[in-house]
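# Results of the structural survey
Spelled out, the chains give:
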Amino acid sequence: MAEKMKPRRSPIRPAALVDPEACARLADSAGRDGAAYALDPAPQVSSRQRCISAARARTRSTSASGNRARIAASRKSAAASLRRSSAATAACHVGRLASAGRFPSHIFQSPTPWVSHSNLRCPDAEMPYLLPPPPPTSTAVVHHYTRLLAAAAGSLHAFLPIHARAVVRGFSGNPAFATSLLAAAAPASLAYARRVFDTAPSRDAYMWNTLLRAHAHSHASHAADTLALYKRMRAVGIAPDHYTYPIVLPACAAARAPRLGRSAHGDAVRFALAGDGFVRSALIAMYCQEGEVADAERVFVESGGDGSRTIVSWTAMVAGYVQNCFFGEAVAMFGAMGPEWLAAGEMVHGFVVKLGFDANVPLVNALIAMYGKCGSIAMAKALFEGMAARSLVSWNTMVAMYEQCGNAVQAIKFFRRMLTEKVGFDCVTLVSVLSACARSGALQTGKWVHEFARSHGLNTDARIGNVLVDMYAKCGEIGYAREVFDCLHGRSVVSWSAMISAYANHGEPEEALKLFSLMKCEGVRPNSFTFTAVLVACGHSGLVDEGLKHFNSILTEYQMSPTLEHYACMVDMLGRAGRLAEAYEIVRGMPMWPDKCVWGAFLGGCRLHSNLDLAEFVAKDLLQSGSNDVTFYVLMSNMYFEAGMLEDAERMRRAMKEMELKKTAGHSLVCTNRERRSLMR
């Protein structure tokens with residue numbers, strides 16, 4: 001007799017869960033182990049019951065003695081259908097609760113080998129159904145579902161079915177999946193993301209940073225929550241990374257918590273992250289927003305010393321000056337950034353005029369310096385001539401601008417104009433004028449300025465003394481340079497370095513090394529410029545072993561890193577001595593990429609000792625690497641010509657013409673009674 005059927009339960013249909021077409025595409029991509037049933041928004045329970053009823057009918061109509069295999073197959077088919085329907089019911093149950101604004105607690109629980117859902121009963125069974133253990137999860141499956149989460153990021157209804165399916169399959173606690181789920185949930189629902197985060201089996205710094213970023217970027221004011229989460233992160237012992245502090249430091253400024261900001265700065269120093277460029281930029285912005293411009297400047301200066309200064313740091317510092325109404329410093333900062341920032345400096349100039357500060361003398365002085373450093377001399381001169389009232393700083397700025405731009409003659413003329421208009425001068429003025437004399441070789445003008453400084457009691461200033469030593473040395477008067485050096489009181493490392501360099505460049509290496517020994521005896525610590533002068537002196541005198549000893553002492557005795565100039569001096573020294581193999585080993589062992597000076601010194605040594613094979617070996621690598629420096633082509637062309645290889649020399653010359661490479665022409669200054677002439681050669 002047919003068994004009386006129990007009343008059916010109406011199927012669960014969360015109509016507002018997801019778009020059916022989107023679910024269909026998602027189901028097609030999921031593809032196996034009943035994923036299509038789990039992601040179907042409206043599973044048909046009646047088809048499952050028909051399958052079970054058919055299996056029972058076949059079981060009743062079959063003889064038990066001869067058809068046991070058929071009975072077992074029918075039961076297996078019914079069980080598979082039951083599993084698929086139960087998984088689908090679970091997914092729909094999650095969607096129904098999600099659409100109502102509630103999240104089922106079992107989604108946030110770590111999966112166990114056997115998952116029991118007491119609220120999911122089989123319509124034809126009296127006992128709750130126990131889900132079987134999920135199949136072993138491969139890395140490819142997890143990666144597939146993380147890609148689905150990335151596509152559904154930001155939409156709560158889109159990634160909820162994916163989360164439910166991960167729970168059913170047993171890999172929702174996978175670290176990669178949990179991290180991707182947190183990143184997808186954070187933009188859509190901060191509460192959901194917090195529950196995902198709190199129930200994750202393990203949390204690394206990336207997960208903490210993801211939740212911190214979600215709080216910081218929320219539309220509501222979550223700066224306090226961000227800082228509370230950071231405190232919790234430190235309390236549980238998670239070490240932050242260089243992505244953490246660019247999130248935390250702006251939150252400190254937004255929450256108006258300067259003490260917490262300084263504490264975070266201390267943590268960054270403790271974890272050796274304060275030297276990161278992004279962290280430094282965040283520190284500069286935080287201190288500027290708190291009004292602590294001096295602290296921001298200190299961080300900015302430190303970033304220039306260790307090479308971590310980026311364009312973001314420059315921008316943060318300029319913006320900080322503007323926010324705190326330091327317009328002059330902002331313009332000066334623009335000028336220090338380089339010629340490529342001329343358009344931005346002009347924009348700031350327009351902003352200054354719009355606010356009515358164009359009559360402010362210090363601000364106009366800063367604008368003149370900015371235009372001068374950006375190479376716009378005409379605009380700087382127009383600003384200067386248009387000033388209603390000029391200070392001494394205005395004149396000094398113009399003289400320094402001409403000197404730094406290489407127009408030494410105009411700098412000297414401007415100084416004479418200052419004296420004609422009886423403006424006055426100071427040590428800064430004379431330093432700029434003497435530097436212009438040294439650049440142009442104007443010895444007589446330099447002597448006149450020296451006497452002028454002595455008559456006004458300014459010759460005892462250390463800055464003027466140092467530049468006088470440099471001026472006399474560059475003009476060929478080494479005796480006058482030594483007299484000025486001996487008259488200096490409290491000689492600094494700059495004074496010693498200038499005098500040692502003067503002896504080295506004038507072919508007196510013995511005096512240079514003797515002065516270097518005297519410098520060390522007086523307890524003055526040498527700097528990188530001092531060692532450059534010493535190595536030049538050793539190279540010109542052929543004291544290779546002495547030079548190697550000083551070069552090694554840079555790191556061993558003074559704990560400094562050799563610079564490119566030091567390596568170039570060593571390669572030149574070894575090349576002059578014919579020790580080309582050692583020079584090549586030094587080049588290959590450099591911790592930084594060799595520049596054209598280093599390779600030029602090496603090729604110069606090869607030319608000096610007629611080692612064409614080694615020069616060709618090096619030049620081949622340089623030219624194939626895309627180096628278009630004209631020095632290499634000229635050296636190789638000259639070496640080919642000296643070796644009688646005229647075709648190869650012509651090939652190098654032809655390559656220079658095709659790439660439009662031209663050697664910079666030299667020039668000489670000839671002084672007459674009335675004027676100075678520059679002769680090109």
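Use the structure listed above.
A brief structural summary. (Residues numbered from 1 in each chain as written. Predicted model: local features only at pLDDT ≥ 70, side-chain atom pairs only at ≥ 80, totals over all residues. Heavy atoms only, no water.)

### Quick word on the pattern of salt bridges
Considering all chains together, one arrives at 20 salt bridges under this definition. Asp-267 serves as the salt-bridge partner of Arg-270, at 2.4 Å between the closest nitrogen and oxygen. Of this pair, Arg-270 and Asp-267 both sit in helix α12 (residues 258–270), separated by three residues, roughly a single helical turn. The class for Arg-270 is exposed, based on a relative accessible area of 56%. Assessed through its relative accessible area of 8%, Asp-267 is described here as buried. Several salt bridges share partner residues, and in doing so they unite Glu-385, Arg-390, Arg-417 and Glu-421 into one network. (Salt bridge = Lys/Arg side-chain N within 4 Å of Asp/Glu carboxyl O. Helix = DSSP H or I, 4+ residues; strand = E, 2+ residues; numbered from the N terminus. Buried < 20%, exposed > 50% of the residue type's maximum accessible area, 1.4 Å probe, protein only.)

### Details of helix α32 (residues 596–608)
Here α32 contains 13 residues, and its C-alpha end-to-end distance of 18 Å stays within 8% of the 18 Å for a straight helix at 1.5 Å per residue. Following α32 by one or two positions, Ser-610 adopts a phi angle in the positive range, close to 55°. (Expected span 1.5 Å × (residues − 1).)

### Description of the packing of helix α34 (residues 630–642) against helix α35 (residues 646–658)
Running from N to C, α34 and α35 cross one another at 160°; their axes reach a closest spacing of 7 Å. Considering the angle they form, α34 stands roughly antiparallel to α35. The interaxial crossing formed by α34 with α35 has left-handed handedness. Where α34 abuts α35, its residues Val-630, Tyr-633, Val-634, Met-636, Ser-637, Asn-638, Tyr-640 and Phe-641 lie against Leu-646, Asp-648, Ala-649, Arg-651, Met-652, Arg-653, Ala-655 and Met-656. Across the contact of α34 with α35, the residue classes tally to eleven nonpolar, two polar and three charged. (Axes fitted to C-alpha atoms, helices over the stretch in contact; angles between N-to-C directions. Parallel < 35°, antiparallel > 145°, perpendicular 65-115°, else oblique. Left-handed = near helix turned anticlockwise from the far one by under 90°. Contact = heavy atoms within 4.5 Å. Nonpolar A, V, L, I, M, F, W, Y, C, P; charged D, E, K, R; others polar.)

### Notes on unusual backbone geometry
Positive phi, close to 55°, is recorded for Arg-256, a residue that is not glycine. Topologically, Arg-256 is positioned in the loop between α11 (245–254) and α12.

### What about the side chain of Ser-376?
Tracing the sequence through the fold places Ser-376 in the loop between α18 (361–373) and α19 (377–385). Among residues more than four places away in sequence, those in contact with Ser-376 are Leu-342 and Tyr-371.

### Focus: the side chain of Asn-209
By the secondary structure assignment, Asn-209 is in helix α9 (residues 205–216). Each residue touching Asn-209, except ones within four places of it in the same chain, is listed here: Met-233, Asp-241, Tyr-243, Thr-244 and Ile-247.

That is the geometry; function is a separate question.
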